[in-house]
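# Residue-level structural notes
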Amino acid sequence: MSDRRLLGALGALLLVLFVASLAIGPAGEGFGASMRALFTGEGGPIVAVMREIRLPRALLGLMIGATLGLSGAALQGFLRNPLAEPGLIGISGSAALGAVIALQTGLAAAFLLALPLAALAGAVIAVAVLMALAGPRGTALTLILAGIAVSAFAGALTALVLNLSPNPYAAADIVFWMMGSLADRSMVQVWLALPFMLTGSVMLLSLGRGLDALTLGEDAAEAMGVNLARLRLVLVLGTAAVVGAGTAVAGAIGFVGLVVPHVLRPYTGGRPSRLMPASALGGAAMVLAADVAVRLIAPDRDLKLGVLTALVGAPFFLRLIWQTRRAGR
Amino acid sequence: MTEGAEVLALREFSVRRGDLPVVDRVTLSVAGGECVGLIGPNGAGKTSLMRGALGILPHEGRASLAEMTPRARARAAAWMPQAREVAWPVTVETLVTLGRTPHLGLRGPGAADRAAVERALHRMGLGPLRDRIATELSGGEQARALIARALAQETPLLMADEPIAGLDPAGQIRTMEVFAALAGEGHAVIVSLHDLGLAARHCSRLVMMNRGRVVADGTPAEVLSPANLSAVFHVRAHHAHTADGPVFQPLGVTGEG
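Residues numbered from 1 in each chain as written. Chains lettered and ligands numbered in written order. Predicted model: local features only at pLDDT ≥ 70, side-chain atom pairs only at ≥ 80, totals over all residues. Heavy atoms only, no water.

Right, let's talk about the overall build of chain B for a bit. On a plain count of helices and strands, chain B comes out with 9 helices and 11 strands. Here the C-alpha radius of gyration of chain B, 18 Å, is about what a compact globule of 257 residues would show, namely 18 Å. Dimensions of chain B, computed from the C-alpha atoms along their principal axes, are close to 60 × 40 × 35 Å. Taking contacts inside chain B between residues at least 6 apart in sequence as the whole, the part at least 24 apart equals 66%. When the accessible surface of chain B is split by element, carbon and sulfur atoms take 52% of a total near 11200 Å². Charge-centre separation for chain B: the mean point of 26 positive side chains lies 4 Å from the mean point of 26 negative side chains. (Helix = DSSP H or I, 4+ residues; strand = E, 2+ residues; numbered from the N terminus. Rg over C-alpha atoms; globule rule 2.2 N^0.38 Å. Contact = heavy atoms within 4.5 Å. Areas by Shrake-Rupley, 256 points an atom, 1.4 Å probe, with all protein chains shown as cover. Lys, Arg positive; Asp, Glu negative; His and termini not counted. Charge placed at Lys NZ, Arg CZ, Asp CG, Glu CD.)

Listed below in structure tokens is the structure:
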């Protein structure tokens, strides 16, 4: 499939889902009235619903999904492994730890941005530890190993916070937050995440040619003029910016970064440079679709977005392993 | 013999693994028009010499390629690692086009790049395979595609690490003929290999390494002397000049081995 047709098709799908995300919700106003309220600001209470609840929710879904898909494609390209995903290098686990500490200490209740800022701090610390562990000349393998170590340590500390939590309500808050959700967000979160996500996305998209060359292995890529140390630094910083910001505002949303690049790879001729923009659109579509599904399946049970993406993602992951096993035979 | 311009210069060049020198104070000059066979037993330092010369490994001493910027170096020398790695299911044509990476402008492959890819595909006889998925090819076809990738880089120097390992006899001979033809067109080729018979037939010059040092450097007849073979490879061999060209066949193991 040509680039233009693939991106066009994904873009059209994304547009439909974005509009659906704006149109579906418990307020139950008609589609025409909702859109009029969004664009003109006329129509009473529905204006507030559209502008302050549904628009930020749809925008966050779009941004988080796009950056998860993009960073997943970039990481898979760098590690030359279809099983890689943004969570693998420990960024999302560390961001979640930062958020959990903010919730547990009560800092999150003190001011609105405390939680996302604590999560971002967690992501920054993870990057520093990763870089120290993996060193300036490390290979893809050292990055994976360092990421798994960071990930496991952050998970253990998160469990420790829950373990020692004296307050069951705080513990429940933490557990729910970790499931990932786009409910009850506002434009504040959009503006907080946007600069990080834009910067990180530009950094990741700039890596296309180097990631293409890496198809032939690290030695061949380096001999073709690719500066691997710089590529890895930009990759980790870009991933940290987008995943850290995403986790900060919406919690952990798993499997999008794993599944989307894998599904789209056959349509992009296997080239990371083509896969990245396609995965960004595909990831945004998947998160918006899941978020619409959450609202349709259980409108009054507050089904968490991260739960749904994992529910869909895990069986897919099993199928992936099954296929890999058969191909290896 | 070396009428072309110098494309690689090593002077007092060493590569260390820990404290151990795996390449030990080598001085070597290669010019256009040469097809240099790099021979030596396992662990002699052949791979480290080539990777170090490119600047991929930390080294001491002077290496002309390692002093260039990465992009200039990638236009001066192509490198074929021994591991035949193709991570993603790309087509043969896409794979070969990757060789143009150091030449690409902002807008991606242009007419000159496509022409270079066509030349490389044609030289390796990959025309009928161009739309096939590289990861689904046989080992020999994949090796040809990866050689075409390095050819598409169109550099004055091509370095290949055991490119004929694992190929069938026809594939080995064809590959060596391509390298010899490149040298005939003024390129320089440095190829490491274990098949001394093919080295004797197709290379214009042999560099013999042992324990990190260059122990012999010259024409195949000079380098493959009974004394060198016995001291470095611990073999004795039959070496004859026939109407079909030089014939070299190791016969038995000598001494320590």
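With that settled, the discussion passes to the interface of chain A and chain B. Contacts between the two partners involve 23 residues from chain A and, on the opposite side, 31 residues from chain B. Across the chain A/chain B interface, buried area totals approximately 2100 Å², and carbon plus sulfur atoms make up 62% of it. The largest contributions to the chain A side of the interface with chain B come from A:R209, A:L216 and A:M224, which together make up 31% of the buried area. Put simply, chain A and chain B have 2 salt bridges between them. A:D219 is the partner of B:R51 in a salt bridge, and the nearest nitrogen-oxygen pair spans 2.7 Å. In this structure, the connection of chain A to chain B is made through 6 residue pairs in polar contact (both at pLDDT 80 or more). For the side of chain A that touches chain B, the leading source of residues is helix α11 (residues 218-223) of chain A, giving 4 residues. (Buried area = accessible area lost by both parts, 1.4 Å probe. Salt bridge = Lys/Arg side-chain N within 4 Å of Asp/Glu carboxyl O. Polar contact = N/O pair within 3.5 Å; in protein donor to acceptor, adjacent residues only side chain to side chain.)

All names here are of chain A. Tracing the chain through its elements places A154 in helix α7 (residues 140-164). On the accessibility criterion, A154 (4% relative accessible area) is buried. Remark: the alpha-carbon pair of A154 and A123, spanning 31 residues in sequence, is separated by 10 Å. Ignoring sequence-local partners within four residues, the contact set of A154 consists of G93, S94 and L97. (Buried < 20%, exposed > 50% of the residue type's maximum accessible area, 1.4 Å probe, protein only.)

Attention now goes to the nonpolar core. A:I64, A:F78, B:I39 and B:F179 are the most contacted members of the largest nonpolar core, which has 145 residues in total. Per-element accounting of this core gives the leading share, 15 residues, to helix α3 (residues 45-79) of chain A. With sequence-adjacent residues up to four places away left out, A:I64 is seen in contact with A:L182, A:M197, A:G246, A:V249, A:A250 and A:I253. Membership of the second largest hydrophobic core comes to 31 residues, among which are A:A223, B:L38, B:L57 and B:A188. (Core = buried A, V, L, I, M, F, W, Y, C linked by side-chain atoms within 4.5 Å.)

Moving on to the sheet that holds strand β3 (residues 35-39) of chain B. All names here are of chain B. With respect to topology, 6 strands assemble into an open sheet ordered β5-β6-β7-β3-β8-β9, the strand pairing being mixed. Where the open sheet ends on each side, the last strands, each with one partner, are β5 (77-80) and β9 (213-218). Each adjacent strand pair in this sheet contributes to an overall mean axis angle of 15°, direction not counted. Sheet analysis places strand β8 (residues 205-210) next to β9, joined by 5 bridges and oriented antiparallel. Bridge pairing in β9 links L206 to G218. Strands β3, β6 (157-161) and β7 (188-192) of the sheet are contacted by helix α6 (residues 169-184), whose axis makes an angle of about 150° with β7. The strands that helix α9 (residues 226-233) touches are β3, β8 and β9; relative to β8, the one it contacts most, it runs at about 35°. (Pairing = 2+ DSSP bridges. Axes fitted to C-alpha atoms, helices over the stretch in contact; angles between N-to-C directions.)

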